[in-house]
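Okay, here's what each chain looks like letter by letter:
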Amino acid sequence: MHGSGRLTFPDSVCYEGSFAADSITGRGVYQWGSTVYEGEVQNGLRHGYGTLSFTDSPVVYEGQWWNGKRHGRGTLYYDMDRAAYYEGEWQDDLKHGQGSSVYPSGNSYCGSWVHDKREGRGTMTWASKGQQYCGMWADNMPNGPGEHVWQQGTPGAQTANDAAHVMHNRYVGMFKHGKRHGEGALWYSSAARYEGQWDSDRKQGSGVYIFEDGTVFAGQFTADRPVLQEGAMLGAVDTFAAELPGAAAPAAAAAPGEG
């Protein structure tokens, strides 16, 4: 066969398009069940640029193919409005390389991917939570050096007379499996600051805590609390108690499972 034609296979797969030297090569349309591919083909495989769509789903892929797999650059749309998508590099049908993804929630990630997972350097923004993490990733979670910024109050709830809601907390340091772990510094929206060791999102080991009024505690911490000698008191103990709860700083990995 050579030129244009139509071929129906025993399993009901239908191809209509170009043929060259008895091979499905050139440009054509494959259809099987609810799946439709339109684009370039080579030796019967999707190869080159093409679009894969479904008659019963809004999911659409537009981009490059190699030997039947998504490979190169392409965009995968998840919804009818094309508001949720992945755009970037692919390898062997997996997100791999540099790419950006916007999820149905409005959250987004831009950065490095390895075998369909966020891995390497990237930035995740949780729009509904007023949070952003920029740094290293492994297995879809913050891992290694990074910076996590989040609002003190509920995003969108701030008023002109509520300064705390427009302030941000900021952590710069090491992460492990999505949690603050190792050396790091946390600046609170209240102007207090902690610099030192962390273990699974809690202050653990040696560190320095500076209160809003300038009072300084330097020493050991355990389970997010300072280790005090018996009978010792902190001058700003009430403030200290208000600033230290681990719940005050949402973990950077609270949402990265999305996607």
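Higher on the page you've got the structure.
Everything numeric here is computed off the predicted structure, so don't read it as measured data.

Rules used throughout
Residues numbered from 1 in each chain as written. Predicted model: local features only at pLDDT ≥ 70, side-chain atom pairs only at ≥ 80, totals over all residues. Heavy atoms only, no water. Helix = DSSP H or I, 4+ residues; strand = E, 2+ residues; numbered from the N terminus. Buried < 20%, exposed > 50% of the residue type's maximum accessible area, 1.4 Å probe, protein only. Contact = heavy atoms within 4.5 Å. Areas by Shrake-Rupley, 256 points an atom, 1.4 Å probe, with all protein chains shown as cover. Salt bridge = Lys/Arg side-chain N within 4 Å of Asp/Glu carboxyl O. Pairing = 2+ DSSP bridges. Phe/Tyr/Trp six-rings, centres within 6.5 Å; stacked < 30°, edge-to-face > 60°.

Further remarks concern the overall build of the protein chain. When helices and strands are tallied, the protein chain shows 2 helices and 19 strands. Within the protein chain, buried positions represent 37% of all 259 residues. Of the contacts formed within the protein chain by residues at least 6 apart in sequence, a portion of 15% connects residues at least 24 apart. For the protein chain, the computed accessible surface area is about 13300 Å², with 51% contributed by carbon and sulfur atoms.

Attention now goes to the environment of R170. Mapped onto the fold, R170 is located in strand β14 (residues 168-176). When its relative accessible area of 32% is taken as the criterion, R170 is described as partly exposed. As for R170 and R193, which are separated by 23 residues in sequence, their C-alpha atoms are 9.6 Å apart. Once residues within four sequence positions are removed from consideration, R170 is found in contact with E147, H148, V149, A185, L186 and W187.

This part takes up the pattern of salt bridges. The tally for this structure, following the rule as stated, stands at 9 salt bridges. The partner of D93 in a salt bridge is R70, with the nearest N and O atoms 3.0 Å apart. Placement of the pair is D93 in the loop between β8 (85-91) and β9 (94-102) and R70 in strand β7 (residues 69-77), with a sequence separation of 23 residues. With relative accessibility at 19%, the residue R70 sits in the buried group. A salt bridge links D201 to R180, with the nearest nitrogen and oxygen atoms 3.7 Å apart.

Residue placement: V102 occurs in strand β9. With residues near it in sequence (within four places) discarded, V102 still touches A83, A84, Y85, N107 and S108.

Before going further, it helps to spend a moment on the pairing of strand β15 (residues 179-187). Summarising the sheet, β14 and β15 pair through 6 bridges and their orientation is antiparallel. Within the sheet, the bridge partner assigned to G173 lies in β15 and is G184. Between the end of β14 and the start of β15, which pair antiparallel, lie 2 residues, with H177 showing a positive phi angle near 55 degrees. Pairing of β15 with strand β16 (residues 193-199), which is carried by 6 bridges, proceeds in the antiparallel orientation. Each residue of the ladder has a partner; that of G182, found in β16, is W198.

Scanning the entire structure with this criterion turns up 20 aromatic pairs. Arranged with centres 6.4 Å apart and planes meeting at 80 degrees, the rings of Y30 and W32 form a pair that is edge-to-face. On the basis of relative accessible area, Y30 is assigned to the buried category, the value being 9%. Ring centres of Y86 and W113 lie 5.3 Å apart, and the angle between their planes is 80 degrees; on these two criteria the pair is classed as edge-to-face. Placement of Y86 in strand β8 and of W113 in strand β10 (residues 108-114) is noted, with a sequence separation of 27 residues between them. For the pair Y86 and W113, a shared accessibility class is recorded, and that class is buried.

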